Amino acid sequence: MRATIGYTLESIGYVVGAQGLVSFASQTFFGTEWGWLHKIVDLPSAAYLGITAAGLALVATGLKTRRPPSHRKPA
C-alpha cells in the first residue's frame, strides 16, 4: 500500500509541478496562457512558482513514501 501511495503522490507531483512551471513560463516570457491551471485559477506569475514548488514537494514525499526494493539473495 505504501508503494502505491508513493507512486500516486509522485505522479500527481510531476503533473502539478509541470503545470505550474508551464504556466509561469507562458505568462512571464510569452504573455499567453498555456496548460490547464489558468482555467481553474487566475494567479500572478510568481504564484505559479509556488505551485511548482508544491509539485516538487509531492514528488519528494512520494519518493520517501515508497518502500525500498527488497534484495533477496537466490538460494
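Worth saying up front: this structure is predicted, and the values here are computed from it rather than measured. (Residues numbered from 1 in each chain as written. Predicted model: local features only at pLDDT ≥ 70, side-chain atom pairs only at ≥ 80, totals over all residues. Heavy atoms only, no water.)

**Regarding the overall build of the protein chain**
Along its length, the protein chain carries three helices and zero strands. In the protein chain, the succession of helices and strands from N to C terminus is α-α-α. Across the 75 residues that make up the protein chain, the buried fraction comes to 24%. A separation threshold of at least 6 residues defines the contact pool for the protein chain, and within that pool the share at least 24 residues apart is 61%. Counting every atom, the protein chain has about 5,400 Å² of accessible surface; 69% of that belongs to carbon and sulfur. (Helix = DSSP H or I, 4+ residues; strand = E, 2+ residues; numbered from the N terminus. Buried < 20%, exposed > 50% of the residue type's maximum accessible area, 1.4 Å probe, protein only. Contact = heavy atoms within 4.5 Å. Areas by Shrake-Rupley, 256 points an atom, 1.4 Å probe, with all protein chains shown as cover.)

**A word on the packing of aromatic side chains**
Taken as a whole, this structure holds two aromatic pairs when the rule is applied. Considering the side-chain rings of Phe 24 and Phe 29, the 6.4 Å spacing of their centres and the 80 degrees angle between planes classify their relative orientation as edge-to-face. (Phe/Tyr/Trp six-rings, centres within 6.5 Å; stacked < 30°, edge-to-face > 60°.)

**Some remarks on a nonpolar patch on the surface**
Side chains of Val 15, Trp 36, Ile 40 and Val 41 sit close together on the surface and give an oily, nonpolar patch of about 350 Å² of accessible area. Note on placement: Trp 36 falls in the loop between α1 (2-30) and α2 (37-40). The class for Trp 36 is partly exposed, based on a relative accessible area of 37%. (Patch = residues over 30% accessible without salt bridge, like charges linked within 9 Å, V, L, I, M, F, W, Y side chains within 5 Å. Salt bridge = Lys/Arg side-chain N within 4 Å of Asp/Glu carboxyl O.)

**A closer look at the confidence of the model for the protein chain**
Chain-level pLDDT for the protein chain is 86 on average; 85% of the residues reach the 70-or-more range. Ranking the helices and strands of the protein chain by mean pLDDT puts helix α3 (residues 45-65) first, with 93, and α2 last, with 85. (pLDDT = per-residue confidence, 0-100.)

**What to know about the environment of Ser 45**
Inspection of the secondary structure puts Ser 45 in helix α3. In sequence terms Ser 45 and Ala 25 are 20 residues apart; their C-alpha atoms lie 8.1 Å from each other. For Ser 45, the residues in contact, after removing those within four places along its chain, are Phe 24, Gln 27 and Thr 28.

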